[in-house]
Amino acid sequence: MRTRLVPRTNLEASVLCLGTAEFGSVVEDSVSETIINRYLEAGGNVLDTAEVYAEWIPGGSHRSEEFLGQWLRKRKSRDGLILSTKGAHPRLHSMHIPRMSKQDVESDLNSSLRRLGVDCVDIYWLHRDDVATPVEEILLMLEEFRKSGKIRYAGFSNWTQVRADAARTAAEKLNIPGFIGSQNQWSLAKADASQGDPTWAFIDESFIDWHTKHGFAAFPYTSQANGYFRRLDNGSIAQASDLVKALFHHPQNENRYKRIKALQSETGYNLGEIVLGYLLGQPFPVFPIVGPKKAADLDESLRAADVTLAADHLEFLTADR
């Protein structure tokens, strides 16, 4: 698998990141291990998790981080890996209450390090924002964590463009590293931002331009739109979850599907290669997060890792934007 440097870091990351949200819970341990090992054998090196992952599953609280910690102990080495985790997520029963105080974030970070069995994570993401907290205060908190050796770099997840740019300019004024990447929802399927979790944030056309202007790395989640285009292709869209249909099943995406089919005929790429290739072909570094539930799902994503669509292909796919 190709790797590329994450700007503002010395991290050489594989172009696909492995999301582990339900590893060790919905995805049983043995399957999770198989997927990780196959991903590493293919040249992948970014393992992404979060303090909150699997909290929504009965008995699944912190299970993703716990599983990865157990796997790391069995492996007896983290050499060559980029460990990525997230904190500062609101509690699921009170999503309207931010958790951005230093006490909350440091507690999340320390508990993540403990579960993972490491002293430091390579990238620490703030899983949500708190617009009532000045970005300067947030950045200085993260800088303290960095200087203490607990994190190497920091990123934001589910932040708006306005706050991202405020953080960028604040970091310059404070002469500190600031954020090195975004982890927002983004795929070739245009999402209806009025649907789903109101605390999600998306990379839209304006935010794409912002990333391009500043050479800012993106690590998008839901990078394959929960298989939306695949369901259109195999006729199973009626069986998609209500959330997937609410987010993605609208005329704009049905038109994009037609464009995917046309591009398949022109290039010979399959549907999955075009969906991920759209992200990998952007004019700034993009490291899509894929979250396979079985090894076959991973294999399909890996085949797309070498695909980079040309600029005119990207324009064609999104000509309706």
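Described below are features of the structure shown in this document.

Some points on the side chain of Asn 158
- Inspection of the secondary structure assignment puts Asn 158 in the loop between strand 7 (151-157) and helix 5 (161-174).
- At a separation of 3.2 Å, a polar atom in the side chain of Asn 158 contacts the main-chain carbonyl oxygen of His 127.

Things to note about empty space enclosed by the protein
- Under the defined criterion, the tally for this structure stands at one cavity of 30 Å³ or more.
- What the largest cavity holds in volume is close to 90 Å³.
- Residue lining of the largest cavity: Leu 139, Leu 142, Glu 143, Arg 146, Ile 151, Arg 152, Tyr 153, Ala 154, Ile 176, Pro 177, Gly 178 and Phe 179, and that is the complete set.
- For the lining of the largest cavity, the secondary structure elements donating two or more residues are helix 4 (135-147) and strand 7.
- Of the residues contributing to the lining of the largest cavity, the split by class is eight nonpolar, one polar and three charged.

Details of helix 5
- The end-to-end C-alpha separation of helix 5 is 20 Å, in line with the 20 Å expected for 14 residues at 1.5 Å each.
- Turning to helix 5, its buried residues number three or more, namely Arg 163, Ala 164, Ala 167, Ala 170 and Ala 171. Seen end-on, helix 5 carries its buried residues on one side only, within an arc spanning 130°. Residues of helix 5 that are exposed and point more than 90 degrees away from the buried face comprise Val 162, Glu 172 and Lys 173.
- Looking at the buried positions of helix 5, the neighbouring elements they touch are helix 4, strand 7, strand 8 (179-183) and helix 6 (205-214).

Points about the packing of aromatic side chains
- Scanning the model with the defined rule gives 14 aromatic pairs in all.
- Each ring, one from Phe 156 and one from Phe 216, has its centre 5.8 Å from the other, and the planes form 15°; the classification is stacked. Taken as a pair, Phe 156 in strand 7 and Phe 216 in the loop between helix 6 and strand 9 (217-218) lie far apart in primary sequence, 60 residues in all. Pair check on accessibility: Phe 156 and Phe 216 agree, each one buried.

Concerning the packing of helix 5 against helix 6
- Orientation of helix 5 relative to helix 6, taken along the N-to-C sense of each, is 20°, at an axis distance of 10 Å. As far as their axial angle goes, helix 6 and helix 5 are roughly parallel. At the point where helix 5 passes helix 6, the crossing takes the left-handed sense. The residues of helix 6 that touch helix 5, namely those facing Gln 161, Ala 164, Asp 165 and Arg 168, are Ser 206, Phe 207, Trp 210 and His 214.

Some points on the sheet that holds strand 6 (residues 121-126)
- Taken together, the eight strands give an open sheet; going across it, the order is 9-8-7-6-5-4-3-10, and neighbouring strands pair in parallel fashion. Looking at strand neighbours, the two that pair on one side only are strand 9 and strand 10 (289-290), the edges of this open sheet.
- Looking at chain direction, strand 4 (residues 46-48) and strand 5 (residues 82-87) are connected through three bridges and run parallel. Of the residues in strand 5, the one forming a bridge with Asp 48 is Ser 84.
- Along the sheet, helix 4 contacts strand 6, strand 7 and strand 8; its crossing angle with strand 7, the most-contacted strand, is approximately 150°.

Focus on the pattern of salt bridges
- Tallied over the entire structure, the rule returns 24 salt bridges.
- With a closest N to O distance of 2.8 Å, Glu 65 and Arg 115 form a salt bridge. Here Glu 65 is found in helix 2 (residues 63-75), whereas its partner Arg 115 is found in helix 3 (residues 102-116), with 50 residues between them in sequence. As far as the burial class goes, Glu 65 and Arg 115 line up, both buried.
- A salt bridge links Arg 99 to Asp 108, with the shortest nitrogen-to-oxygen separation between them at 2.8 Å.
- For Arg 99, a relative accessible area of 9% translates into the label buried.
- The exposure class of Asp 108 is buried, given its relative accessible area of 1%.
- What emerges from the salt-bridge pattern is a single network uniting Glu 51, Arg 91, Arg 99 and Asp 108.

Digging into unusual backbone geometry
- Not every positive phi belongs to a glycine, and Lys 76 is a case in point at roughly 65°.
- Phi is positive for Asn 226, which is not a glycine, with a value near 55°.
- Note on placement: Asn 226 falls in the loop between strand 9 and helix 7 (228-234).

Rules of the game
Residues numbered from 1 in each chain as written. Predicted model: local features only at pLDDT ≥ 70, side-chain atom pairs only at ≥ 80, totals over all residues. Heavy atoms only, no water. Helix = DSSP H or I, 4+ residues; strand = E, 2+ residues; numbered from the N terminus. Polar contact = N/O pair within 3.5 Å; in protein donor to acceptor, adjacent residues only side chain to side chain. 1 Å grid on protein atoms, 1.4 Å probe; cavity = no way out; pocket = protein on both sides within 12 Å on 5 of 7 lines; lining within 4 Å. Points joined across faces, edges and corners; volume = space filled by probe spheres on them. Nonpolar A, V, L, I, M, F, W, Y, C, P; charged D, E, K, R; others polar. Expected span 1.5 Å × (residues − 1). Buried < 20%, exposed > 50% of the residue type's maximum accessible area, 1.4 Å probe, protein only. Arc of directions from axis to C-beta. Contact = heavy atoms within 4.5 Å. Phe/Tyr/Trp six-rings, centres within 6.5 Å; stacked < 30°, edge-to-face > 60°. Axes fitted to C-alpha atoms, helices over the stretch in contact; angles between N-to-C directions. Parallel < 35°, antiparallel > 145°, perpendicular 65-115°, else oblique. Left-handed = near helix turned anticlockwise from the far one by under 90°. Pairing = 2+ DSSP bridges. Salt bridge = Lys/Arg side-chain N within 4 Å of Asp/Glu carboxyl O.

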